[in-house]
Amino acid sequence: MALLLVAGLPGATELIVMVMVLAMYVGLPAAGMILIYNFLDGKRGYEKRISELESQVETLESKLSEE
């Protein structure tokens, strides 16, 4: 407790304000970037899945044409 009362160190209110400012300036943009990345990755995931399914269809068609 005495450590918090050292002269020159910010008090509890200042620490709370600094943490809130840090959350606003760092946390919100980081959360936004993560949300955007996940949204775009979901779209890319569908394209990847469709291309994989198309390649499987081609291999199955080639196997049927061989028989």
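Before any of the text, the structure's been laid out above.
Residues numbered from 1 in each chain as written. Predicted model: local features only at pLDDT ≥ 70, side-chain atom pairs only at ≥ 80, totals over all residues. Heavy atoms only, no water.

(A) Spotlight on the overall build of the protein. Helix and strand counts for the protein come out as one helix and zero strands. For the protein, the proportion of its 67 residues judged to be buried stands at 0%. In the form shown here, the protein has an accessible surface area of approximately 6400 Å², with 70% of it arising from carbon and sulfur atoms. (Helix = DSSP H or I, 4+ residues; strand = E, 2+ residues; numbered from the N terminus. Buried < 20%, exposed > 50% of the residue type's maximum accessible area, 1.4 Å probe, protein only. Areas by Shrake-Rupley, 256 points an atom, 1.4 Å probe, with all protein chains shown as cover.)

(B) Structural context of a nonpolar patch on the surface. A surface patch of nonpolar side chains, amounting to about 730 Å² of accessible area, comprises Val17, Val21, Leu22, Met24, Tyr25, Val26 and Leu28. Its place among the elements puts valine 17 in helix H1 (residues 12-66). (Patch = residues over 30% accessible without salt bridge, like charges linked within 9 Å, V, L, I, M, F, W, Y side chains within 5 Å. Salt bridge = Lys/Arg side-chain N within 4 Å of Asp/Glu carboxyl O.)

(C) Geometry of the environment of serine 55. Along the chain, serine 55 falls in helix H1. A relative accessible area of 35% means that serine 55 is categorised as partly exposed. At 2.7 Å, the side chain of serine 55 and the backbone oxygen of glutamate 52 are in polar contact. (Polar contact = N/O pair within 3.5 Å; in protein donor to acceptor, adjacent residues only side chain to side chain.)

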